[in-house]
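Here is how the chains run, residue by residue.
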Amino acid sequence: MKKFILNLMKRKKTFLGIILAIVIGLVITISVLADYGHPIVSYNRNPVSITFPRAGRIVLWNVITSSSPGYFSRYYFIRNGCRVGQNCTYMDVINNQTVLTPITVAAGETIQIRGCDCYGGNCGSGGCANPHVGWKTPHHDYFCPNYFYSQNYNPSAGGRDFTSLMTAFLASGDTIIGTPQCWGDWDEDNSNGGYDHDFEDFVLIWAYRDTFTGYHDGASGTVPQSQCRAYGWVMQDAAPGLDINYRILVDGNLVANGVANQYRADLTGTCTGGTCGYSQDLWGLISPNVQHTVRVQGQNPYNSSWFDLSGTNKTIRCSLPPSVDLKVNNQDGTVRLTSPAQYLLSWTSSNADTCTASGSWTGTKGQSGLTNYTGITTGSYTYTLTCSNPIGSASDSVTVIVYNPPAVDLKVNNTDGPLTLISPASFNLSWISRDATNCSAASSNDSWVGNVVIAGNQPMSGVPTGTHTYTITCSNQYETASDSVTVIVIAPLRGTIAVTYARLLLFAPSLDQPAQTLTGEVTGGVPPYSILVRVRTPSGAQFSLNRNGSTWSVTPENSGDLNFGTTEEGIWTAWADLTDDFGQTYLTSSVVWEVAWHPVHGRP
């Protein structure tokens, strides 16, 4: 038996150890191993009842060890009080080789195994003629450990070949958990107080089918965050109400596990209560925007092994919708620049696989980048960038308007001014403009206002004194430009001169009489004023004195001559030459006074 089990382990690699019990969970009580190599089975009534904890299949193998070939045994199953095969077919165990047809048992079902013996092959069709009252443990030293040491028939070793039985079980998907065990030996007689060591035993082999149905329904490919999950269902076919553990491996690494016990309405006809579903969000457990391989497995609850669900493996890439931000000179929207223009396009995107340019640029672009433009002439340029991934796309646009700014040149009398004229002034305003669509005029004295042509002239006359500013403003749809000229209109330069005394005594101060005093005033023009006072003596000699200011005087004190205007007899004459800062000159009229010696006349 031990060698047989070792061979099974080598071939299937599923046995974790030698199972010494008759069946896992059977109601038969198993005691410790005896030194003869197989379990000691306590006394049981005939038939023996065995409760199977799981659904599976059972089969009997009979062995005859009697030294007398006339002894035979019969074993059969009883279910619900009825012998399996009755009224149809049952198998007699004849000539040591016959195997009962396997029968299927449900989880928790109790099956009886009845044994009887016959002599001379005459068991009869009705059953056992001489059934024994029970079975007891065989005490063979050689029986179990030596008899079934191999799956292969070996007559020289006394073995029995049941390779076909094991192969059939394994090929059908069954898992053998009750390894071949030797059960019971019938007590032929007990008169000598011992056991019959040369009678028949049987082997019970129990197998169950670990078949599971499950699906990984989760999406594959690139999915949005809301669909980034693994979900599906799993159940054991023979126990549709049993909760099955699941685990999720991403790129071979465990990221989540749980119990497939969630309710799904579509599973009510599949598993008990429809509570065999599972669902696990993967967002946050895996790297976004990276392709991963998702593998979902269920766990065999009896041997803890893991099996893949249908629909696994799946590749999935969890992603958010793409976004893109396109800027020109680090600004959004529309940017206006003068020609020739220079500007920088820059962009960034997220969750994007590809980015494509359209509008005023074309081609495939990186997920982020810069493009510099120089020497761009007038026009409107719209740049659009669309970035996409399998779950969507996003676009952003900027517009660059390159234009020529308007220009205007206003002149007065063909000069840029300021222009100073003498009142009443007359002059001509003229202007030209470029890249303008309209022009308007304004003036500080409101003499020139309103819309004007984009190029023209405007004569002005009778302009009074004052500072007058004339402005023209021209514009297009993007910008405005202005130019101004200033005209300063001044009054004409004028002035007066006067004498204080019309008659004076010769050398009057010597007689304690006054000398001459001249006074004057300047008007108009542009100060400061320069005054040259000219004086002519009676003898025709002339001299001049410099004065300034809008009012002036020549006195004996400030002239340097205390006898000013009295040193000669005769007619004295004086006048003034005026000059303003603008350069105007003005010659005043002359004034005269008489100097004489007239003592008879008294004081002048």
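Up top is the structure these notes are about.
Just so you know, these numbers come straight off a predicted model, no measurement behind them. Counting restarts for each chain, with residues numbered from 1 along the sequence as it is written. A pLDDT threshold of at least 70 governs which residues receive local features in this predicted model, and a stricter bar of 80 or more applies before side-chain atom pairs are shown or counted, although totals over entire chains, interfaces and linings include all residues. Side-chain numbers come from the whole structure's heavy atoms, not from hydrogens or water.

## Notes on the pairing of strand S40 (residues 530–536)
Only one face of S40 is covered, namely the one carrying Ile 531, Val 533 and Val 535; the face carrying Ser 530, Leu 532, Arg 534 and Arg 536 has none of its residues buried. A loop of 5 residues connects S40 with strand S41 (residues 542–548), the two strands running antiparallel in sequence, and Gly 540 in this loop sits at a positive phi of about 95°. The sheet contact formed by S40 and strand S43 (residues 570–579) spans 7 bridges and is antiparallel. Within the sheet, the bridge partner assigned to Val 533 lies in S43 and is Ala 576. Burial status follows relative accessibility: with a 1.4 Å probe on protein chains alone, a residue under 20% of its type maximum counts as buried, one over 50% as exposed, and anything between as partly exposed. Helix numbers and strand numbers start at the N terminus; a helix is a DSSP run of H or I with at least 4 residues, a strand a run of E with at least 2. Pairing between strands is defined by DSSP: at least two bridges between the two strands are required.

## Considerations on the side chain of Gln 297
Take Gln 297: it is sitting in strand S18 (residues 291–299). Under the relative-accessibility criterion, Gln 297 is labelled buried at 4%. In terms of polar contacts, Gln 297 uses its side chain to reach the side chain of Arg 247, at 2.7 Å. Under this definition, polar contacts are N or O atom pairs within 3.5 Å; protein pairs additionally need one hydrogen-donor-capable and one acceptor-capable atom, and for neighbouring residues in sequence, both atoms have to be side-chain atoms.

## Concerning the pattern of salt bridges
Any carboxyl oxygen of Asp or Glu within 4 Å of a side-chain nitrogen of Lys or Arg constitutes a salt bridge here. The full count for this structure, using the stated rule, is 11 salt bridges. Across the pair Asp 266 and Arg 264 runs a salt bridge, and its minimum N-O distance is 2.8 Å. Residue Asp 435 pairs with Arg 434 through a salt bridge whose shortest N-O separation is 3.6 Å. One network of salt bridges, in which partners are shared, links Asp 217, Arg 264 and Asp 266.

## Quick notes on the sheet that holds strand S32 (residues 438–443)
Taken together, the 5 strands give an open sheet; going across it, the order is S30-S36-S35-S32-S33, and neighbouring strands pair in mixed fashion. Of all strands in the sheet, those bounded by a partner on one side alone are strand S30 (419–422) and strand S33 (450–452). Within this sheet the neighbouring strands show an average axis-to-axis angle of 30°, counted without direction. Where helices are involved, their axes are fitted lines through C-alpha atoms of the stretch in contact, as for all axes, and angles between N-to-C directions lie from 0 to 180°.

## Brief notes about the sheet that holds strand S29 (residues 407–412)
Across a sheet, paired strands are connected by hydrogen bonds in the backbone, their directions being either parallel or antiparallel. Strand order in the open sheet formed by 3 strands is S29-S31-S34, with antiparallel pairing between adjacent strands. The sheet is open, and its two borders are formed by S29 and strand S34 (456–463), each paired with just one other strand. Looking at each pair of strands side by side, their axes are set apart by 15° on average, direction ignored. As paired strands, strand S31 (residues 425–434) and S34 are joined by 6 bridges and run antiparallel to one another.

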